[in-house]
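What the coordinates show
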Amino acid sequence: TFVVLEDCIQCKHTDCVAVCPVDCFYEGPNFLVIDPDECIDCALCEPECPIDAIAAEDEVPADQQHMIVLNAKLAAHPNWTVITEKKDAMPDNAEWAGVEGKLKKLDR
Ligand code: SF4
Ligand code: F3S
């Protein structure tokens with residue numbers, strides 16, 4: 001499966017969702033995730049993200065391993081819904097690009 005990494009938090013460019021053939025991206029207030037049970041490993045989404053916030057599960061960096069479980073957990077969150085069309089990134093995305101420790105900013 002592929003995994004959305006912390007960098008997406010508070011950015012949400014959404015280029016990724018438009019290319020997914022199985023519509024397995026789920027959106028929350030300031031982040032989105034991939035449902036590992038639905039992802040077919042096509043790898044189409046990975047190059048679409050302008051900030052490289054998507055990785056194959058076996059290439060998730062050591063300091064982002066918690067994101068693997070978090071993607072699965074949030075994909076099942078009752079308030080997180082499927083997103084299939086690109087929309088505007090979050091208004092303050094430029095300020096948050098590359099900021100470390102964004103996990104504490106995550107809204108569920
Ligand atoms: Fe969708 Fe393919 Fe990305 Fe999986 S790898 S989330 S199936 S675009
Ligand atoms: Fe996030 Fe990148 Fe998709 S910022 S919404 S993973 S294009």
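On a predicted model such as this, the values are computed, not experimentally measured, just so you know.

**Quick word on the overall build of the chain**
Check the secondary structure of the chain and you find three helices and five strands. Along the chain, helices and strands appear, N-terminal first, in the series β-α-β-β-β-α-β-α. What you see for the chain is a C-alpha radius of gyration of 12 Å, in line with the 13 Å of a compact globule of 108 residues. On the principal axes, the C-alpha backbone points of the chain span a range of 35 × 30 × 30 Å. Here the analysis covers contacts within the chain between residues at least 6 apart in sequence; of these, 81% occur between residues at least 24 apart.

**Quick word on the nonpolar core**
By size, the foremost hydrophobic cluster in this structure holds 26 residues, and its most contacted members are Val-4, Cys-8, Phe-25, Val-33 and Ile-34. Listing elements by their share of this core, those giving two or more residues are strand S1 (2-4), helix H1 (15-19), strand S2 (25-27), strand S3 (32-34) and helix H2 (66-75). Looking at this core, the element that brings in the most residues is H2, giving four residues. With residues near it in sequence (within four places) discarded, Phe-25 still touches Cys-16, Val-17, Cys-20, Leu-32, Ile-34, Val-82 and Ile-83.

**Notes on the site of ligand 1**
The full set close to ligand 1 counts 13 residues, and Phe-2, Cys-20, Cys-39, Cys-42 and Cys-45 are the nearest of them. For the shell around ligand 1, the class distribution of residues is 12 nonpolar, no polar and one charged.

**Considerations on the confidence of the model for the chain**
Overall, the prediction assigns the chain a mean pLDDT of 97, with 100% of residues at 70 or greater. For this predicted complex, the interface score ipTM comes out at 0.97, alongside a pTM of 0.97.

**Notes on the site of ligand 2**
Around ligand 2, a shell composed of 14 residues is seen, among which Cys-8, His-13, Cys-16, Cys-49 and Ala-53 lie nearest. Residues belonging to the shell around ligand 2 are distributed by class as follows: nine nonpolar, two polar and three charged.

**A look at the environment of Glu-57**
As for its placement among the helices and strands, Glu-57 is situated in the loop between strand S4 (54-56) and H2. Remark: the alpha-carbon pair of Glu-57 and Leu-103, spanning 46 residues in sequence, is separated by 18 Å. The contacts of Glu-57, once residues within four sequence positions are left out, are Thr-1, Phe-2, Val-3 and Ile-68.

**A few points about unusual backbone geometry**
In this model, Gln-10 sits at a positive phi of 70°, which is unusual for a non-glycine residue. Mapped onto the secondary structure, Gln-10 falls in the loop between S1 and H1. Accessibility expressed as a C-beta count within 10 Å gives 22 for Gln-10, which makes it buried. Its identity as a non-glycine residue notwithstanding, Thr-14 has a phi of 70°, on the positive side. The residue Thr-14 is located in the loop between S1 and H1 in this model. Among the residues examined, Thr-14 registers 21 C-beta atoms within 10 Å and is labelled buried.

What counts, and where the lines are drawn
Residues numbered from 1 in each chain as written. Chains lettered and ligands numbered in written order. Predicted model: local features only at pLDDT ≥ 70, side-chain atom pairs only at ≥ 80, totals over all residues. Helix = DSSP H or I, 4+ residues; strand = E, 2+ residues; numbered from the N terminus. Rg over C-alpha atoms; globule rule 2.2 N^0.38 Å. Contact = placed C-beta atoms within 7 Å. Core = buried A, V, L, I, M, F, W, Y, C linked by C-beta atoms within 7 Å. Buried ≥ 20, exposed ≤ 12 C-beta atoms within 10 Å, placed from the backbone. Near = placed C-beta within 6 Å. Nonpolar A, V, L, I, M, F, W, Y, C, P; charged D, E, K, R; others polar. pLDDT = per-residue confidence, 0-100.

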